[in-house]
Amino acid sequence: MHYEHENPETLHVNTLPSRAYFIPFSNEQTALSGEREISDRMTLLNGDWDFAYFPSYAVMPDTIEYTDTIAVPSVWQLKGYDQNQYTNVRYPFPYDPPYVPAENPAGAYRRTFSLEKREGFRYQLHFEGVDSCLYLTVNGTYAGFTQVSHSTSAFDLTDLLISGENTLEVLVLKWCFGSYLEDQDKFRMSGIFRDVYLLERAGARVEDFTVRTTLNADGAEVSVALETVGGAVDPLLTLYAPDGSLIARQRASEGTALPVRSPMLWTAETPVLYTLVIQTEDEVIAQKVGIREICVENGVVLLNGSPVKFHGVNRHDSDPKTGFIISQEQLIRDLQVMKQHNINAIRTSHYPNAPWMPELCDRYGMYLISESDVESHGVVMLYADHGMNLKQRFSLIARDPMFEEAIADRVRLNVQRDRNHACIVMWSLGNEAGFGPAFEKAGRWVKAYDPTRLCHYEGAYYAQEDCDTSMLDITSRMYPPLTDIIDYFENKRDQRPLVLCEYIHAMGNGPGDAQNYQELIERYPGFCGGFVWEFCDHAIDGGHTADGRQIYHYGGDSGEALHDGNFCVDGLVSPDRKPHTGMLEYRNVIRPLCARISETDGSSISLTNRMDFLAADEFAGLRYELVQNGKIIQEGSLALPHILPHQSAQLRMPFDVPSEGAVLVNLFYHTLADQPLVPKGHLLGFDQLTLREGRVMPALPKRQESALTLEETKTRISLLGDGFHYSFSKITGLFDSLIVENREMLVAPMAWNIWRAPTDNDQYISVEWVKAGYNEAQTRVLKASAVERNGAVVITAEIALAAVFRERIATIHACFTVNRRGEISSELTVQKNGDMPFLPRFGVRFFLPKACDQAEYYGYGPTESYEDKHYATRLGLFKTTAAENYADTIMPQENGSHYRCDYVTVTNAQGGGLCVLSETPFSMNLSPYTQEELTAKRHNYELEESDYTVLCADYRLSGIGSNSCGPELLPEYRLDETDFRFSFQILPVL
């Protein structure tokens, strides 16, 4: 038995020194292809390996019988072994470093392959990712050990391999000492999850190299620092232009600086790449080179001398079917989704990605914060705090000498492997691991080793008074309230730029406050951007239900005792990469062009180019719609002027503004030409400008007036007119029957509506909502009466809302006027209990016939919209159905509402139904599900449709926010008024 996996002083045994990632080729032609699999110097060892699984390393037999096969790469939890487990902060094993549980699951792998050894060549075995550690045996001889799951480990096997058949045996353990530094928010999966291959290297060779680019008065310079081994070599250096033409060629002995005149500079907007070829007698190495410089000047991040903003996302390696295993095709799909939603940056949360990932980001244009494989968040959950504050507790491992070399090792492995990629603009020392001497030393090493990039680490927020953070170029924060950001820049206690490495938590129906943060990013030059948490929902594919609905599993669905539920389902896109409405919101908030009515000329538009490097007419076209009362009356295209980055220009509108009605202009920005991953005509975003205020009302035929008959009992008020019969309940204070032309419009009584199915971002405030009884509020009508007045019937009622054993939530003074056409006007005056938390919503619910499910509304659409989440929508006239209006999330919750509606008409296929309209904009929701059903069920595939169509008409619906991980919902988005009025009408539709 080996015990290196519990020895903090033995991080690696017999591994090769870390180097920059590259694959050698035997000739320049194949090297220039960029396809590593065609190199005859690389033998890919992926495929089916013999496999044996053991629940405990401690009781493994001396002789292993390989009883199964397993794919490499893969994780064994998705192959029927062990158990899926999702935890966020808590360690899934006892905290007792350097030890891990004796019942430590183990997977034994075996692979036989043929080799014809060549004299004078060296043979190196590379593992690009193994969780959590491995012991390697070659042809029966112990060859070495390594850990650090997400970094490449390599072994020189030359003296152990033979010509002919060779056998590799790899023992992988689920836990090791390094697992204390890999407490990332993720499913815990194990195995050889990235590529394995053998490289044949020349004896005398370039072992490592560093490429750096600098800008100067004459253009630029590409410098190459070479490390050679095995004997004398004089590499030939060749630099090719992006079009393949020769720029420079020289022997390394003649110098390693290659000048480039009039260089094309790399940015995410212009991902232009040169090609460097390093050739020796026996090997050829090709490296793509992006010429760029990044620095901080006067508190502003500059790329190539110009300010740059990061519109970023955090991204885990995650797939519902393959888990940690991500192919290049899968990553390209992710990059495509990002590029098509205006995202220009990724933080590799919370570890280095596959070594070819930066290559793709170089090619397609994506800034990277490359993060080291370090997180020890679980220390904050330990039982004994020994009188320590949060900063001290968070920094337990960061200040523990036992972990100092392990942290440094992980930072070095990250930086040394990926240092030659233009896309990497910042190194991150890790995530949520506190701060102390280990990170001070690691940060100083990074700045000395690679002064050409910025260094960031959010954990510096937990630095104590004796700590030095001067090696960090950026101040990094997670989820700060807006007031903290304003204070940071207005009071200027720190001159460094600010980045939000995590913000606007996208969990479930979220995030809800993206625009508020973006306004500050635009306001302050030193605020260089943020990275949404996170890109993708993490979930495990669970197959389909009998009726074909997709099943996704999250924490707890595999029977694990310790888990963190659905906190992993927190992305802008679903596990199959379908964008959520939060992604659409983010896309438009960070749109590259932004318009407003000109302050100097009311007939013109002021258009601002928010790109950092491209002029507006170089990438975008514009289409406009002139809309009056919800209908397009003119549309066309406008040629964009040459608006430089960060500049504005005036565009005269090619129309006259109508003098009546609600008049809007919609401006749609689209790509001018095909781009990598983004087709011509793709929508980049839009603006909607109000040219004339106005309300939009439905065009409904008026019913004939008729006499009204009023009948009243102890429990009911009945109204009878020609073709209609209404019943008002003195028990609920609302109508429980609306019959028009012998058709019942209500299949269940109307209900007062203050509850919503909590969103993920409601998870903390919803606890208070439940304490206050909002989810089980009962109605008590204190008094109700009806009188005839001017040919109409006026019903007045005083209603109390309260829950069992709690005090009153609100008092409603209601006045309902029914006229001779059967139209109902409602006037509600509400006093809310000021001692109770803000309300989720306030309004009424209609339970309509199931077939009455087709809606037309004038409000913010076509997708869901809320007070603080409506920037992906626009004010307009839209049609939908209850089914189409439902916005799916893996964990059911409030969804599908529409902000600022003037009216909504809900009808069946024949056109019969009702219309709700208001003199002030209201919120509307149409759903096939009740909010009780959405609250009760934990998975979307478990939902059962209601027997009726549910229509909500709300005075207000509190905003969404991002409080599942971010700050509390902003006060302006809370329904926390203690006195308010809500007026609306209910009209029958024939």
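Above this note sits the structure.
Figured I'd write up the structure that's included with this text. The structure presented is a predicted model; accordingly, all values stated were derived computationally and were not measured. (Residues numbered from 1 in each chain as written. Predicted model: local features only at pLDDT ≥ 70, side-chain atom pairs only at ≥ 80, totals over all residues. Heavy atoms only, no water.)

Concerning the packing of aromatic side chains
Just so we agree on the cut-off: Pairing of aromatic side chains requires ring centres within 6.5 Å, counting the rings of Phe and Tyr and the six-membered ring of Trp. Pairs whose planes differ by under 30 degrees are stacked, by over 60 edge-to-face, and all others tilted. Secondary structure elements follow DSSP: runs of H or I no shorter than four residues count as helices, runs of E no shorter than two count as strands, and numbering proceeds from the N terminus. Under the scheme applied here, a residue whose accessible area is under 20% of the maximum for its type counts as buried, over 50% as exposed, and between as partly exposed, the area being computed with a 1.4 Å probe on protein chains only. Charge over a ring is defined by NZ of Lys or CZ of Arg lying within 6 Å of the ring centre and within 35 degrees of the ring normal.
In total, this model carries 51 aromatic pairs according to the counting rule given. Here F489 and Y524 contribute two aromatic rings whose centre-to-centre distance is 4.7 Å and whose plane-to-plane angle is 15 degrees, an arrangement assigned as stacked. Taken as a pair, F489 in helix 7 (residues 482-491) and Y524 in the loop between helix 8 (514-523) and strand 33 (527-532) lie far apart in primary sequence, 35 residues in all. Classification of F489 by relative accessible area gives buried; the value is 12%. Ring plane angle 90 degrees and centroid distance 5.8 Å describe the contact between W769 and F838, whose orientation is recorded as edge-to-face. Here the residue W769 occupies a position in helix 11 (residues 765-772), and F838 occupies one in the loop between strand 52 (824-832) and strand 53 (841-849), the gap between them amounting to 69 residues. Summarising the burial analysis for this pair, W769 and F838 share the class buried. Its end group placed over the ring of F805, R806 keeps NZ or CZ at 4.1 Å from the ring centre.

Things to note about helix 7
Our working rule: Along the arc lie the directions from the helix axis toward the C-beta atoms. By definition in these notes, contact holds between two residues if any of their heavy atoms fall within 4.5 Å.
All of the buried residues in helix 7 are L482, I485, Y488 and F489. Around the axis of helix 7, the buried residues are gathered within 125 degrees of arc, so they sit on the same side. Those residues of helix 7 that are buried lie in contact with strand 31 (475-478), strand 32 (498-503), helix 8 and strand 33. Residue K492 follows helix 7 closely and has a positive phi angle near 55 degrees.

Section: the nonpolar core
As a reminder, the rule being used: In these notes, a set of buried Ala, Val, Leu, Ile, Met, Phe, Trp, Tyr and Cys residues joined through side-chain atoms within 4.5 Å is what counts as a nonpolar core.
Counting residues in hydrophobic clusters, the biggest one holds 165 residues, and the most contacted among them are F310, F842 and F846. Element by element, the count of residues in this core is highest for strand 51 (residues 808-818), at six residues. With sequence-adjacent residues up to four places away left out, F310 is seen in contact with I294, V301, N344, A345, Y367, V425, M426, C528, G529, G530 and F531. The next biggest cluster of nonpolar side chains, apart from the first, holds 29 residues, and it includes L45, Y123, F155 and V196.

Quick look at unusual backbone geometry
Here the amide bond leading from W533 into E534 is cis, since omega sits at -10 degrees, within 30 degrees of zero. The residue after G861, namely P862, is reached through a cis peptide bond having omega 5 degrees. Positionally, P862 belongs in the loop between strand 54 (854-861) and strand 55 (874-881). Positive phi is not limited to glycine here, since E741 has a value of about 50 degrees. For E741, the location among the structural elements is in the loop between strand 46 (735-740) and strand 47 (743-744).

Considerations on the packing of helix 5 (residues 401-418) against helix 6 (residues 437-449)
Axes are the key here: two packed helices are described by the angle between their axes and the distance separating the axes. Note the cut-off: Lines fitted to the C-alpha atoms define the axes, with helices restricted to the stretch that makes contact. Angles between their N-to-C directions range from 0 to 180 degrees. Orientation labels follow simple angle bins: below 35 degrees gives roughly parallel, above 145 gives roughly antiparallel, 65 to 115 gives roughly perpendicular, and whatever is left gives oblique. In this scheme the crossing of two helices becomes right-handed for a clockwise turn of the near helix relative to the far one and left-handed for an anticlockwise turn of less than a right angle.
Between helix 5 and helix 6, the least distance of the axes is 9 Å, while the angle of their chain directions is 25 degrees. Taken as axis vectors, helix 5 and helix 6 run roughly parallel relative to one another. The handedness of the crossing between helix 5 and helix 6 is right-handed. Seen from helix 5, the contacting residues are E404, I407, V411, R412, V415 and Q416; seen from helix 6, they are P437, A438, F439, K441, A442, W445, V446 and Y449.

Description of the sheet that holds strand 33
Rules: Strands qualify as paired when DSSP identifies two bridges or more between them.
Read from one edge of the open sheet, eight strands run 30-29-28-27-26-33-32-31, paired in parallel fashion. Strands at the two margins of the open sheet, each flanked by one partner only, are strand 30 (454-456) and strand 31. When the angles between neighbouring strand axes are averaged without regard to direction, this sheet yields 25 degrees. Sheet contacts for helix 8: strand 26 (310-314), strand 32 and strand 33; angle to strand 33, the most-contacted strand, approximately 155 degrees.

Brief notes about the layout of surface pockets
Operational definition: Using only the protein atoms, space was sampled on a 1 Å grid; points where a 1.4 Å probe fits but cannot get out form cavities, open sets with protein on both sides within 12 Å along at least five of seven lines form pockets, and lining residues are those with an atom within 4 Å of a point. Grid points are joined across faces, edges and corners, and a volume is the space filled by probe spheres set on the points. Ten residues, namely Ala, Val, Leu, Ile, Met, Phe, Trp, Tyr, Cys and Pro, are considered nonpolar, four, namely Asp, Glu, Lys and Arg, are considered charged, and the remaining ones, Gly among them, are considered polar.
Here the largest pocket is characterised by a volume of approximately 700 Å³. As for the largest pocket, its lining consists of 33 residues, of which R591, A595, D687, Q688 and Y871 are closest to the centre. With five residues, strand 42 (residues 683-692) is the largest single contributor of residues to the lining of the largest pocket. Here the residues of the lining of the largest pocket sort into eleven nonpolar, eleven polar and eleven charged.

Section: the sheet that holds strand 16 (residues 205-216)
Judged by pairing direction, the sheet is antiparallel, and its three strands sit side by side in the order 16-17-20 without closing on themselves. Where the open sheet ends on each side, the last strands, each with one partner, are strand 16 and strand 20 (257-260). The mean angle between the axes of side-by-side strands here comes to 20 degrees, regardless of whether they run parallel or antiparallel. Judged from the eleven bridges that link them, strand 16 and strand 17 (residues 219-229) form a sheet pairing that is antiparallel. Looking at strand 17, one finds that V211 is bridged to V224.

Here's the deal with helix 8
Counting buried positions along helix 8 yields seven of ten residues, so the element is predominantly enclosed. For helix 8, the secondary structure elements touched by its buried residues are strand 26, helix 7, strand 32, strand 33 and helix 9 (581-589).

Remarks on the pairing of strand 50 (residues 792-802)
Counting buried positions over the eleven residues of strand 50 gives nine, a clear majority of the element. Where strand 49 (residues 778-789) and strand 50 come together, eleven bridges link them in antiparallel fashion. Bridging from a neighbouring strand, K783 pairs with E798 of strand 50. Hairpin connection, strand 49 to strand 50: the antiparallel pair is bridged by two residues, and N790 has positive phi, about 55 degrees. Bridge count between strand 50 and strand 51: ten bridges; the pairing is antiparallel. Looking across to strand 51, one finds that E798 is bridged to H813. Where strand 50 folds back on strand 51, the antiparallel hairpin that results is connected by five residues, among which F805 adopts a positive phi of roughly 65 degrees.

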